[in-house]
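Summary of the model geometry
One-letter residues, chain by chain:
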Amino acid sequence: MDELKLPEKFSEYAEARRNGFLKAKAVKESGQKLAGIFCTYTPLELLDAAGMHAVSLCGTSNETVADGETYLPKNLCPLIKSSYGFAVSDKCPYTYFADLIVGESTCDGKKKMYELLGKLKQTYILQLPQSVDREYSLDVWTQEMRRFRAYLEEFIQESISDEALRKAVVLRNRYRAARCRLLELQKLNPAPLSGLLLHKTIEGTQFSFNVEQSITDMNTMADQIESEYRPDPQAPKKKRILVTGCPIGGVVEKLVAAIEENGGQVVCLENCGGIKPSRIRIDPDAPDILEAIAAGYLEIGCSIMSPNLRRETMLRQLAEEFQVDGVVDVILQACHTYNIETYNIRNLCRELDLPYMSVETDYSVADKGQMNTRLAAFIEML
Ligand code: BJ8
């Protein structure tokens, strides 16, 4: 393919996490409130309707893992240790600026970490059902939405109207649609973007503190890519890889390098930084807007649900839509739920006749060489 000239917005968003501190500070100085979040189950529409900005506090750096280990067991997922390490060492300005932290009862490690976090900052935990199959699951999660709304109303000392929630649903649907549009450019064959840039760009939109602007920018980037896409028919074909499993923010550089420097290309990011939460659509005109929001978020196929059939359904669809050649399942060390699910995902891939590999890793660079060797061999074999 001819060298694709990427819109400048890409580098702006790729750096947004690093450069967003000043924006967060400006948000605070203007008297607006900031909510720190950790999970894609967080109902952003409620925070929007409360006039609060949401910012991800998920730790993606190895630098604060040691800080986390001072208080937490070493045998814990790096995402949890890094996140807590940031909070306890005051190294994360977003945590520092956050007026409120919102967590969910997802995996054991995260929910127990939130208890400790609650001693440092005001923290609210939404009690997420552990299954979507029970007839009362939606009821439980809807009750949690109602309780959270009441909590936020108390917190901001204002009421949150249904109308504000419906407006927020429309905005977030548009945000998710723009995100999907960008992610789905990779259905083009050959795919136009590197998995690293795509991941960083999507991640960056969570640090812009302006959802409307992010929507415009994502659509502009997609327009530009579409109009400038001219594949070179002579270029060697790359193997099209789907990445699934745990969130990859803390390992994306070594992982994508190992894939893309060895003849592969990450065409589909299924996990939480990618498509998984982006396909949620919520009806803004639903009679009970909180129930509709609850139902939308229950669509997320996370391994903390038992069973977690939604993940398998989505993987089947994505493998076909993105014409995938192989699947790489990323497990953060000590993430039991995703680790155990590798059994099901391996079987699913066998059924789909798709080569599969699971990679267990942490945020250090210690396994960079080994990861590179294993992924090179995997891609070679495709
Ligand atoms: S919806 S994937 S963001 S819980 S922290 S489960 S890696 S041991 S992050 Fe997640 Fe929400 Fe699910 Fe997505 Fe494992 Fe670590 Fe737990 Fe983790």
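It should be emphasised that the depicted structure is a prediction, and the values quoted were computed from it without experimental measurement. (Residues numbered from 1 in each chain as written. Predicted model: local features only at pLDDT ≥ 70, side-chain atom pairs only at ≥ 80, totals over all residues. Heavy atoms only, no water.)

1. So, the site of the ligand
Close contacts around the ligand come from 16 residues, with Cys-39, Cys-107, Cys-272, Cys-302 and Cys-335 the closest. Split by residue class, the shell around the ligand holds 13 nonpolar, two polar and one charged. (Near = heavy atom within 4 Å. Nonpolar A, V, L, I, M, F, W, Y, C, P; charged D, E, K, R; others polar.)

2. Some details on empty space enclosed by the protein
Counted according to the given criterion, the structure contains one cavity of 30 Å³ or more. The volume enclosed by the largest cavity comes to roughly 40 Å³. If you list the elements that add at least two residues to the lining of the largest cavity, you get α15 (309-321) and α16 (336-351). Of the residues assigned to the lining of the largest cavity, the class counts are nine nonpolar, no polar and no charged. (1 Å grid on protein atoms, 1.4 Å probe; cavity = no way out; pocket = protein on both sides within 12 Å on 5 of 7 lines; lining within 4 Å. Points joined across faces, edges and corners; volume = space filled by probe spheres on them. Helix = DSSP H or I, 4+ residues; strand = E, 2+ residues; numbered from the N terminus.)

3. Structural notes on the environment of Phe-378
Position of Phe-378 relative to the elements: it lies in helix α17 (residues 368-381). Residues Phe-378 and Pro-355, 23 residues apart in the sequence, show an inter-C-alpha distance of 8.4 Å. Residues contacting Phe-378, with those up to four places away along its chain left out, are Ile-241, Gly-326, Val-327, Val-328, Pro-355, Tyr-356 and Met-357. (Contact = heavy atoms within 4.5 Å.)

4. Brief notes about the sheet that holds strand β3 (residues 100-104)
The sheet built from four strands is open, its strands ordered β2-β1-β3-β4 with parallel pairing. A single partner strand is all that each edge strand has here, and the edge strands are β2 (52-56) and β4 (123-126). Neighbour-to-neighbour, the strand axes of this sheet turn through a mean angle of 30 degrees, independent of strand direction. Bridging between strand β1 (residues 33-37) and β2 involves five bridges; their strand directions are parallel. Note that in β2 the partner of Leu-34 across the bridge is His-53. (Pairing = 2+ DSSP bridges. Axes fitted to C-alpha atoms, helices over the stretch in contact; angles between N-to-C directions.)

5. Considering the layout of surface pockets
A probe matching the size of a water molecule, rolled over the atoms, marks out where space remains unfilled. The computed volume of the second largest pocket comes to approximately 650 Å³. Around the second largest pocket sit 30 residues that line it, and Thr-60, Ser-61, Lys-200, Gly-249 and Glu-253 are the ones nearest its centre. Counting only elements with at least two residues in the lining of the second largest pocket, the list comes to α2 (16-19), α7 (93-97), α11 (195-204) and α13 (252-260). Taken together, the residues that form the lining of the second largest pocket break down as 12 nonpolar, eight polar and 10 charged.

6. Re the sheet that holds strand β5 (residues 239-245)
Spatially, β6-β5-β7-β8 is the arrangement adopted by the four strands of the open sheet, whose pairing is parallel. The strands lining the two open edges of the sheet, one partner per strand, are β6 (264-269) and β8 (356-361). The average angle at which neighbouring strand axes cross in this sheet is 30 degrees, direction not considered.

7. Here we look at the pairing of β2
β2 sits mainly inside the fold: five of its five residues count as buried. Burial along β2 is two-sided: the residues Met-52, Ala-54 and Ser-56 and His-53 and Val-55 are all buried. In terms of handedness, the path from β1 via helix α4 (residues 44-49) over to β2 forms a crossover that is right-handed. (Buried < 20%, exposed > 50% of the residue type's maximum accessible area, 1.4 Å probe, protein only. Right-handed = clockwise from strand over helix to strand, strands pointing away.)

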